[in-house]
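# Coordinate inspection notes
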Amino acid sequence: MQKVGSALISVYHKDGLEPLVRQLHGLGVKLYSTGGTQTFIEKLGIPVTSVETVTGFPSILDGRVKTLHPLVFGGILWRRDRKNDRDTVERFGIPSFDMVVVDLYPFEDTVASGASESDIIEKIDIGGISLIRAAAKNFEHCWIVSSRSQYAEVLEVLRSQKGTLHREQRKAFAAAAFQTSQNYDAHIAAWTLGSEYPFATLSGPRHALRYGENPHQKAWFVGDLNQQLEQLSGKELSYNNLLDVEAALDYAAEGHSATVAVIKHNNACGMASRPSLLEAWNAALAADPVSAFGGVIACNQPVDMATAEAMNSLFFEVLLAPDFTPEALELLQQKKNRILVKTRMLTPPAYRVRSALNGVLIQERDHHSDSAADLRVVTKVAPTPEQVADLLYASALSKHTKSNTIVLVKNQQLIAAGTGQTSRVDALQQAIHKAKSFGMSLKDAVMASDAFFPFPDCVEIAYQEGITAVIQPGGSVKDDLSVQYCDQHGMAMVMTGIRHFKH
C-alpha cells in the first residue's frame, strides 16, 4: 500500500474535475498544477502550487513548454526505495509527485472538426503524453490517471481507501495509461500519414501489397511475414494470396498423416490424408480438379520429387510446405511466377481481428478441435471406428469453412463441401452436386455440419444419397426429429455440443 501525499494535475477538459480536486484536498494531498488547470483549482478556493514555482521557469512558446523540466519529471520518476534516487532528489530539491492526473489535448476531435493543419498540430500534446508515460513507467511509486473517464473510479478509490493504493491497482492504471498513449499516438500517425495508410492503430512492420482484393484497392500487411514464411520463388504474395495461405495452413494442420489441402477463396476445394504425400495429393485433387486451378496448396510434410512431378502439370498460385527436396524445388521453380513458400512452425495468434463499422472486432480463435471424447451418440446405431475417424475429419474441415457449411468425407478425403450458403439445405445440395459432378461416390460417406439442423430435411437428403453417419453440434428444439429419422433408417448420429460458425 502507498499513500498519495502529492498530486500533479494538468488537464484540458475541466468537467468532472472538481469532485476529484476536493477529495484530494480533503485527504490533505498537496496539489501542483499549471495554466488553466491551476486557475480552475484556485477558483475553487483550494491551495495549489504552480509548476512554474517549482521549476523557476515560466510557461513558454505559447504554452508549448510548461511541465517539461527535470524537477517535474524527476519528481515523478524517482524510485522511493533507492537511496541514490533519494539522495538525488534531496540534493536538487526535487518535489515528489505520488499522483499524476492528465487529460490530453483533444487531437481526434480537432481533426474531426475540419480544423486547419496548424490548429491540428497545436493539439498534438507533448507535455501531457510525457507525463502519462513517466508516471505509468514508475507505477511502483506513482499513480497515473490518464483519462477523465476514470474520475468516478478514482473518487471511489480515494473515498474507500483514504488515498492509499495497492501495487496492482497502480499497475492497472498504468496499463490503461499506456493504452491511452498508444491510441493517441496512433491517431496522430494516421493523420500525419494521411489516406496512404489508414490503419496506423495497428502495430508492427507495415508492408504495402501490390493491391487489395481488387486491383483498384490499396492494401497493406502489418506484421513480420518472415517469422512464419520463407518465400523461395515466384512473384510477391498478394492480399488474396495471404488470406488463402492462412486458410490453407489452418486446413493442413488438421491432418495427422501426410495431408494436402487445396484452397480457393479461403475454402477447401480438396483435402485428403494418406500414407504418402503423393497419395494425399492425388486424393485431394480428385474432389474438384476444376477449382484447384489457380488455387493455393498446403502440405504438412516436405514435398518430394514424385509429388512435385504430379503437381507440376497444374497451374496453381502458391505451394506451401515445411520443406522441398532439392530436385522437387528445381522442378517447381521452372515456372517463374509460381510462388513456393517454406513454412515455419509458429503458434498462431490467440485472437482474430477484423474491422467492423468504425472500429474493430476481436475474438479468440476457434481453438477447439472435436475429439472422440466430445462425441455423444444420440442414435440407436453407433458409428464404427472408421466412421468416427471420418466424422472427426469432417468436423475439423467444417471449422475452417465458411458458414453455412456441410462437409462430406469418406476415408479421410474431402468428397465435397457446400460453403457460405444462406441455408443448410442449400449447402448440402451444393456439396452433393459437386460430388456428383466429379464422380465422387457418396455411398457410406459421412456428413458434418458446422451448426445444428433446424429441421430433419438435411438428414433425409443425406440418407437418400447414401450417407451413413452424421456429426453436428446439436441444440435445435427439433433435434429429436433428425434423430428419429436416423433411427428409422439405420444412420448413426453424434453430437458435440460445440458450434463452429465461421463468417
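Higher on the page you've got the structure.
Residues numbered from 1 in each chain as written. Predicted model: local features only at pLDDT ≥ 70, side-chain atom pairs only at ≥ 80, totals over all residues. Heavy atoms only, no water.

### Regarding empty space enclosed by the protein
Empty space among the atoms becomes visible once a probe the size of a water molecule is rolled across them. Definition in use: Method remark: on a 1 Å grid restricted to protein atoms, a set of points is classed as a cavity if a 1.4 Å probe fits but cannot get out and as a pocket if it is open with protein on both sides within 12 Å along at least five of seven lines; lining residues have an atom within 4 Å of a point. Grid points are joined across faces, edges and corners, and a volume is the space filled by probe spheres set on the points. Any residue that is not Ala, Val, Leu, Ile, Met, Phe, Trp, Tyr, Cys, Pro, Asp, Glu, Lys or Arg is counted as polar, Gly included; the first ten are nonpolar and the last four charged.
Summed over all chains, the structure comprises 1 cavity of 30 Å³ or more. Its volume calculated, the largest cavity comes out at about 40 Å³. For the largest cavity, the full set of lining residues is D370, S395, S398, S449, D450, I471, Q472, P473, T496, I498 and H500. Tallied by class, the residues present in the lining of the largest cavity amount to 3 nonpolar, 6 polar and 2 charged.

### Re a nonpolar patch on the surface
Keep this limit in mind: Put simply, a patch holds well-exposed residues, over 30% relative accessible area, that have no salt bridge, with like charges counted together within 9 Å and Val, Leu, Ile, Met, Phe, Trp or Tyr side chains within 5 Å. Exposure was quantified through the Shrake-Rupley algorithm and a 1.4 Å probe, taking into account, for residues, occlusion by the shown protein chains and nothing else. Salt bridges are defined by distance alone: a side-chain nitrogen of Lys or Arg within 4 Å of a carboxyl oxygen of Asp or Glu. Runs of E in the DSSP output that reach at least two residues are strands. Runs of H or I that reach at least four are helices, and both are numbered from the N terminus.
On the surface, Y351, V353, V360 and I362 cluster together into a nonpolar patch covering about 420 Å² of accessible area. Those elements that provide at least two residues to the nonpolar patch are β16 (351–356) and β17 (359–364). Position of I362 relative to the elements: it lies in strand β17.

### Quick word on the packing of aromatic side chains
The following threshold applies: When two rings of Phe, Tyr or Trp (its six-membered ring) have centres within 6.5 Å they constitute a pair, described as stacked for plane angles under 30 degrees, edge-to-face for angles over 60, and tilted for the intermediate range. Burial here depends on accessible area, computed with a 1.4 Å probe over protein chains only, as a share of the maximum for the residue type. Under 20% is buried, over 50% is exposed, and the range in between is partly exposed.
Overall, the coordinates contain 7 aromatic pairs when judged by the stated rule. With centroids separated by 6.3 Å and ring planes inclined at 65°, the aromatic side chains of F107 and Y184 adopt a geometry described as edge-to-face. Placement of the pair is F107 in helix α6 (residues 107–112) and Y184 in helix α10 (residues 167–193), with a sequence separation of 77 residues. Note on accessibility: F107 and Y184 belong to one class, buried.

### A few points about the pairing of strand β13 (residues 296–299)
Put simply, the test is: Between any two strands, pairing holds if DSSP finds at least two bridges.
What you see with β13 is no split at all: V296 and A298 on one side and I297 and C299 on the other are buried throughout. Where strand β11 (residues 258–264) and β13 come together, 4 bridges link them in antiparallel fashion. Bridging across to β13, A261 finds its partner in A298. In this structure, β13 lies alongside strand β14 (residues 318–321), joined through 3 bridges in parallel fashion.

### Some points on the sheet that holds strand β19 (residues 406–409)
Within the open sheet, the 6 strands sit side by side as β18-β23-β22-β21-β19-β20. Their pairing is mixed. Whereas interior strands pair on both sides, the edge strands pair on one side only; in this sheet they are β18 (376–377) and β20 (414–418). Direction of pairing for β19 relative to strand β21 (residues 446–449): antiparallel, over a ladder of 4 bridges. Counted as the bridge partner of V409 is V446 from β21.

### Focus on the environment of R210
To be explicit about the condition: Contacts are assigned to residue pairs that have any heavy atoms within 4.5 Å of one another. Nitrogen and oxygen atoms within 3.5 Å of one another constitute a polar contact, given that in protein one can donate a hydrogen and the other can accept it, and given that sequence-neighbouring residues count only through two side-chain atoms.
For R210, the location among the structural elements is in the loop between β8 (206–208) and β9 (220–222). Separated by 207 residues in sequence, R210 and K3 place their C-alpha atoms 56 Å apart. Discounting chain neighbours no more than four positions away, the residues touching R210 are K235, E236, L237, S238 and N241. Side-chain polar atoms of R210 contact the backbone oxygen of E236, separated by 2.9 Å.

### Some thoughts on the nonpolar core
Counted only if it meets this: Here, nonpolar core means buried Ala, Val, Leu, Ile, Met, Phe, Trp, Tyr and Cys residues that are tied together by side-chain atoms lying within 4.5 Å of each other.
By size, the foremost hydrophobic cluster in this structure holds 37 residues, and its most contacted members are I263, V318, L320 and V407. Not counting residues up to four positions away in its chain, the partners in contact with V407 are A394, L397, S398, T401, L414, A416, A417, V446, M447 and A448. By size, the runner-up hydrophobic cluster in this structure holds 30 residues, among which are F107, C142, A174 and A177.

### Concerning the sheet that holds strand β3 (residues 30–33)
Let me state the cut-off plainly: Interaxial angles span 0 to 180 degrees and are taken between N-to-C directions of axes, which are lines fitted to C-alpha atoms, for helices over the stretch in contact.
Sheet architecture is open: 5 strands sit in the order β4-β3-β2-β5-β6, paired in parallel fashion. Either end of the sheet is taken by a strand with one partner, and the two such strands are β4 (49–50) and β6 (143–145). Inspection of the sheet shows strand β5 (residues 99–103) paired to β6 by 3 bridges, in the parallel sense. The residue of β6 that forms the bridge with V101 is V145. Relative to β6, helix α9 (residues 151–161) is tilted by about 145°, and along the sheet it contacts β2 (6–11), β5 and β6.

### Things to note about the side chain of T343
Here T343 shows up in strand β15 (residues 339–343). For T343, a relative accessible area of 16% translates into the label buried. Setting aside its immediate chain neighbours within four residues, T343 contacts Q228, L229, L249, L320, A321 and P322.

### Points about the pairing of strand β22 (residues 469–472)
Note the following rule: The handedness of a crossover follows from its direction of travel: if, with the strands pointing away from the viewer, the path from the first strand over the helix to the second runs clockwise, the crossover is right-handed.
Alternating residues of β22 divide into A469 and I471 and V470 and Q472, and every residue in both groups is buried. Relative to β22, β21 runs parallel, the two being bridged by 3 bridges. Along β22, the bridge assignment pairs V446 with A469. The β-α-β motif built from β21, the intervening helix α17 (residues 457–464) and the parallel element β22 has right-handed crossover chirality. Taken together, the 4 bridges between β22 and strand β23 (residues 492–495) define a ladder with parallel strand orientation. Residue pairing in the sheet places Q472 in a bridge with M495 of β23. This β-α-β element, β22 to helix α18 (residues 479–488) to β23, shows right-handed connectivity.

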